[in-house]
Amino acid sequence: GGLAFHRGRVAGVTLLEGTGIRARAVVITAGTFLRGLIHVGTTTRIPAGRAGDEPSVELAQVLVQQGLTVGRFKTGTPPRLDGRSVDFERTERQEGDPAPGRFSHFESGGPAGRLPCWLTWTTPETRDLIQAHLAESALYGGAISGRGPRYCPSVEDKVVRFADAERHQVFLEPEGLGTDELYVNGLSTSLPAEVQERFLRTVPGLERVRMTRAGYAIEYDYFPPTQLDPEFGVRAVPGLFLAGQVNGTTGYEEAAGQGVLAGLNAAALALGREPVRLGRDQAMIGVLADDLVTRGVDEPYRLFTSRAEYRLLLRQDNALRRLLPLAERLGLLREAERRRAWDRLEREDATLELARASVIEPALANPVLERSGTPIREPARIADLARRPTAPLAELLQAAGLEGECEWADVELKYGGYLVRERERAGRMAGMEGLELPEGLDYPALRSLSWEAREKLAARRPATLGQAGRIPGVSPADLQALVMEVLKARST
């Protein structure tokens, strides 16, 4: 199976049985399947994309033949357990959000049939057992050399790097509504299956547990994403798009975000429409896309709010406001949805105006203000009172006998000052690209920077702030802290 080409561009896909499908655009979302290799211990190696599924070797070879540069990453998965063999009395029940947020503004209500998770911990016995068997781990016994994800390390990583930690959290998560199987979040591993069974039984609640599937590490091909344009199209092969783990990312939401953008652009190309781009100030997906295609990755990439310099502008409550014009331009909404969306935005604007125009009496406001410490003695504007962190706009309006669409308006009032400052700071930072960084700067000692940034700056030693900003993993928040540290160093 592979791809069909015509005059240097994609013409479709060829299937293993020899048939073909013609296409103007093709999106590859192969996850960990490209030349995937599963490791359990140092002796078991199984070519697979995930447990029980064949890897994709031909597709990886076809892409390399087209001139794409390839790299190798690794990731791990934890053991799965039979939930009927767990003693939940010895664990702590963890409920989900009482009212989970939805991605869609056109649907309401939580998902059906929600289940809790369960929290337990590793013990010193768990640590000792894993340390005693480190040589048998694929990750530590030399069987795998690729970089793994920094933010979900294997349990072997944890006991080596945090040797002093008495215990580590373990979340038992249901695999689904129709199964008793549990996913053991926190115990990702590539130790031999019998060692996994033994260390599981050192965890409270798992003393008599049955393991349904052993954890394993998987090594796979990825394509450094600097080979893509901002729409996730492969520059060297028009019509070909890559999304998800093949671009060197890790995480479900990261994959979904890329799938949305690559899918939109593959459709736009096939229909002869303008490409779809999202800016860093427009959407978190815009931050993700720009980080990947301009900075690249040097380890499996995760998206954090700290990677966005405009993170106060990229909020859940203003997603509709930010992206509705794009949805309209692309024709993604039915007329009824379009009307509902604009109606909501108008109600939000009207609520903000109402709060700015309305005055409330002390007798009505003070029961709401008690939590924020200082009652008022004179009538005050509701908008001014809503700026207090513990004074919800909805409650203040209600006390005054008013109502409105409060979520967005409340955030705008409470964070107004910060939003202005953020825009100013972004402007100032743009003018400091050429700021020189002292050669002997002791990066590990700069506690105001994240650990990841300190590690990467110390390894690369950039000459200017602009260079530092292009290092994967150095966030805008880190750059701002770095400016302060440099100015502090100069003044001493």
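Residues numbered from 1 in each chain as written. Predicted model: local features only at pLDDT ≥ 70, side-chain atom pairs only at ≥ 80, totals over all residues. Heavy atoms only, no water.

**Description of the overall build of the chain**
The secondary structure content of the chain amounts to 15 helices and 17 strands. Expressed as a percentage of the 492 residues in the chain, the buried residues total 46%. Pairs at least 24 residues apart make up 67% of the contacts formed inside the chain by residues separated by at least 6 positions. For the chain, the accessible surface area stands at approximately 25,300 Å², while carbon and sulfur atoms represent 51% of it. Side chains of the chain carry 63 positive and 67 negative charges; the gap between the two charge centres is 3 Å. (Helix = DSSP H or I, 4+ residues; strand = E, 2+ residues; numbered from the N terminus. Buried < 20%, exposed > 50% of the residue type's maximum accessible area, 1.4 Å probe, protein only. Contact = heavy atoms within 4.5 Å. Areas by Shrake-Rupley, 256 points an atom, 1.4 Å probe, with all protein chains shown as cover. Lys, Arg positive; Asp, Glu negative; His and termini not counted. Charge placed at Lys NZ, Arg CZ, Asp CG, Glu CD.)

**A short note on the pattern of salt bridges**
If you walk through the whole model with that rule in mind, you get 43 salt bridges. Note that E299 and K456 form a salt bridge whose closest N and O atoms lie 3.3 Å from each other. Residue E299 is found in the loop between α6 (284–295) and α7 (319–329), and its partner K456 is found in helix α13 (residues 451–460); the two are separated by 157 residues along the sequence. Overall, K456 belongs to the buried group, its relative accessible area being 7%. Ionic pairing is found between E452 and K456, a salt bridge with its closest N-O pair at 3.0 Å. Pair noted here: E452 and K456 are both in helix α13, with a separation of four residues, about one helical turn. Of the two residues, E452 and K456, neither departs from the other in class, the shared state being buried. Through salt bridges with shared partners, a single ionic network connects R147, R150, D298, E299, E452, E455, K456 and R460. (Salt bridge = Lys/Arg side-chain N within 4 Å of Asp/Glu carboxyl O.)

**Re the packing of aromatic side chains**
Taken as a whole and judged by the stated rule, the model has four aromatic pairs. An angle of 10 degrees between the planes, with centres 3.9 Å apart, marks the rings of F73 and Y222 as stacked. A residue pair is termed long-range when its members are at least 10 positions apart, and F73 in strand β7 (residues 71–77) and Y222 in strand β14 (residues 216–222) qualify at 149 residues. Residue class for F73 comes out buried when judged on its relative accessible area of 2%. Summarising the aromatic geometry, the rings of Y151 and F304 are spaced 4.6 Å apart at their centres and angled 70 degrees between planes, so their arrangement reads as edge-to-face. Pair noted here: Y151 is in the loop between α2 (124–132) and α3 (155–161) and F304 is in the loop between α6 and α7, with a separation of 153 residues, a long-range link. On the basis of relative accessibility, which here comes to 28%, the residue F304 falls in the partly exposed class. If you follow R167 out to its NZ or CZ, it ends over the ring of W121, 3.6 Å from the centre. (Phe/Tyr/Trp six-rings, centres within 6.5 Å; stacked < 30°, edge-to-face > 60°. Lys NZ or Arg CZ within 6 Å of the ring centre and 35° of its normal.)

**Points about empty space enclosed by the protein**
Scanning the model with the defined rule gives three cavities of 30 Å³ or more in all. By volume, the largest cavity amounts to about 70 Å³. Taken together, 13 residues line the largest cavity, and the ones lying closest to its centre are E299, Y301, R307, E452 and K456. Looking at the lining of the largest cavity, its residues break down into five nonpolar, two polar and six charged. In this structure, the second largest cavity spans a volume of roughly 60 Å³. In terms of lining, the second largest cavity is formed by R280, D291, R295, G296, Y301, R307, P472, G473, V474 and S475. Of the residues that constitute the lining of the second largest cavity, the class distribution is three nonpolar, three polar and four charged. (1 Å grid on protein atoms, 1.4 Å probe; cavity = no way out; pocket = protein on both sides within 12 Å on 5 of 7 lines; lining within 4 Å. Points joined across faces, edges and corners; volume = space filled by probe spheres on them. Nonpolar A, V, L, I, M, F, W, Y, C, P; charged D, E, K, R; others polar.)

**Section: the sheet that holds strand β3 (residues 20–22)**
Read from one edge of the open sheet, three strands run β1-β2-β3, paired in antiparallel fashion. Every interior strand has two partners, whereas the edge strands, β1 (2–6) and β3, have only one. Pairs of neighbouring strands in the sheet enclose a mean axial angle of 35 degrees, with direction left out of account. Bridging between strand β2 (residues 9–14) and β3 involves three bridges; their strand directions are antiparallel. Paired with V13 across the strands is I21, a residue of β3. (Pairing = 2+ DSSP bridges. Axes fitted to C-alpha atoms, helices over the stretch in contact; angles between N-to-C directions.)

**Considering the pairing of strand β11 (residues 169–174)**
If a strand is regular, its side chains alternate between the two faces of the sheet. With four bridges joining them, strand β10 (residues 117–121) and β11 adopt antiparallel strand pairing. Each bridged residue has a counterpart across the sheet, and for W118 the counterpart in β11 is L172. Where β11 lies against strand β12 (residues 181–185), four bridges are found, and the strand directions are antiparallel. Opposite F171, over in β12, you have N185 as the bridge partner.

**Points about the sheet that holds β12**
The strand order across the open sheet built from six strands is β9-β10-β11-β12-β8-β13, with neighbouring strands paired in antiparallel fashion. Two strands in the sheet have a free side with no partner beyond their single neighbour: β9 (92–94) and β13 (211–213). If you compare each strand with its neighbour and ignore which way they point, the axes differ by 35 degrees on average.

**Focus: the side chain of E422**
Mapped onto the elements, E422 comes out in helix α12 (residues 406–430). At 5.5 Å, R311 is the nearest oppositely charged side chain to E422, a buried residue that forms no salt bridge. What E422 contacts, discounting residues up to four positions off in sequence, is E309, Y310, R311, L312 and L313.

**Description of the packing of helix α8 (residues 335–357) against α12**
Contact pair α8 / α12: the axes reach a minimum separation of 8 Å and the direction vectors enclose 45 degrees. Of the possible angle classes, the one that applies to α8 and α12 is oblique. Two packed elements cross with a definite hand, and for α8 against α12 that hand is right-handed. Counted together, R344, E348, D349, T351, L352 and A355 of α8 and C406, E407, W408, A409 and L413 of α12 form the full contact between these two elements. (Parallel < 35°, antiparallel > 145°, perpendicular 65-115°, else oblique. Left-handed = near helix turned anticlockwise from the far one by under 90°.)

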